[in-house]
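# Structural overview for review
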Amino acid sequence: MPQMRIVDRLYVELPFAKPGTWQAFTGTALIVAVATTLRVVIDPWVNGVQFITLFPAVVAASLCMGAAAGIFCVALCGLGAWYFVLPPVGTVKGLSLEDGLALGLFLAVGLLIALLVGAMRLAIARHRHLSKQLEALVSERTAELLRTQNDLAHWQKMEAVGQLSGGVAHDFNNMLAVITGNLDLVKRRLATGRTDIS
């Protein structure tokens, strides 16, 4: 469970770019523009690593705005890399076999990343939803248990009062039996004319 909490922190719900909305796709285009610009700027220092800034863009778009935005990001990143990064730069003419394979591999891996991160995002959302349902259920059951315990305590008190009053009534009945027995004895003696106490 602690691992899920770490991953749960990665889940970002952007209120202005919910998955599937035009805002999500606009945000994705912005992410791609920043990643591509950054890649072009750092070009002299990262020769041979054409997609170094584009993979994080795919992860960010997929995580923040869903799998559809991630797939859109892969497509835009592929076009951006083809036009701005891969030789001949500034054109969409044919690529060398090596660059074409690299672009194809980027597209394949990028799609896989977008789908996996999108699925992870859905799993985290489902986990949050189920956790809230479980918390509500636990709260409801706890309240029901407290009500039942209070009712049980009330009925135990009532039972104790009933047993106490039954015991008092029984003892009182025993005392009355002694008194009526003695009165009956006195009555019989008086009927026979005996008034002595012995």
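Overview of the structure. (Residues numbered from 1 in each chain as written. Predicted model: local features only at pLDDT ≥ 70, side-chain atom pairs only at ≥ 80, totals over all residues. Heavy atoms only, no water.)

### Observations concerning the packing of helix 3 (residues 54-65) against helix 4 (residues 67-85)
Where helix 3 meets helix 4, the axes come as close as 7 Å, and the angle between the chain directions of the two elements is 160 degrees. Judged on the interaxial angle alone, helix 4 and helix 3 are roughly antiparallel. For the pair helix 3 and helix 4, the sense of crossing is right-handed. Contacts between helix 3 and helix 4 involve Leu 54, Ala 57, Val 58, Ala 61, Ser 62 and Met 65 from the first element and Ala 67, Ala 69, Gly 70, Cys 73, Val 74, Cys 77 and Ala 81 from the second. (Axes fitted to C-alpha atoms, helices over the stretch in contact; angles between N-to-C directions. Helix = DSSP H or I, 4+ residues; strand = E, 2+ residues; numbered from the N terminus. Parallel < 35°, antiparallel > 145°, perpendicular 65-115°, else oblique. Left-handed = near helix turned anticlockwise from the far one by under 90°. Contact = heavy atoms within 4.5 Å.)

### A few points about the nonpolar core
Counting residues in hydrophobic clusters, the biggest one holds 16 residues, and the most contacted among them are Phe 51, Leu 54, Val 58, Cys 73, Cys 77 and Phe 106. Discounting residues that sit within four places of it in the chain, Phe 106 has contacts with Phe 51, Leu 54, Phe 55, Val 58, Val 74, Cys 77 and Gly 78. Counting six residues, the second largest nonpolar core, distinct from the first, contains Leu 14, Ala 17, Cys 64 and Ala 69. (Core = buried A, V, L, I, M, F, W, Y, C linked by side-chain atoms within 4.5 Å. Buried < 20%, exposed > 50% of the residue type's maximum accessible area, 1.4 Å probe, protein only.)

### Quick look at helix 4
The first and last C-alpha atoms of helix 4 sit 25 Å apart over 19 residues, in line with the 27 Å expected at 1.5 Å per residue. Every buried residue belonging to helix 4 is among Ala 69, Gly 70, Cys 73, Val 74, Cys 77, Gly 78, Gly 80, Ala 81 and Val 85, and all of these are buried. In this fold, the buried residues of helix 4 make contact with helix 2 (22-41), helix 3 and helix 5 (97-192). (Expected span 1.5 Å × (residues − 1).)

### Some thoughts on the packing of aromatic side chains
When we look at a pair of aromatic rings, we describe it by the centre distance and by the angle of the planes. Enumeration according to the criterion identifies four aromatic pairs in this entry. Plain terms: the ring middles of Phe 51 and Phe 106 are 4.6 Å apart, the flat faces sit at 5 degrees to each other, and that makes the pair stacked. Separated by 55 residues along the polypeptide, Phe 51 in the loop between helix 2 and helix 3 and Phe 106 in helix 5 bring together distant segments of the chain. Since its relative accessible area comes to 2%, Phe 106 is described here as buried. Ring pairing ties together the aromatic residues Phe 51, Phe 55 and Phe 106, which thus form one cluster. (Phe/Tyr/Trp six-rings, centres within 6.5 Å; stacked < 30°, edge-to-face > 60°.)

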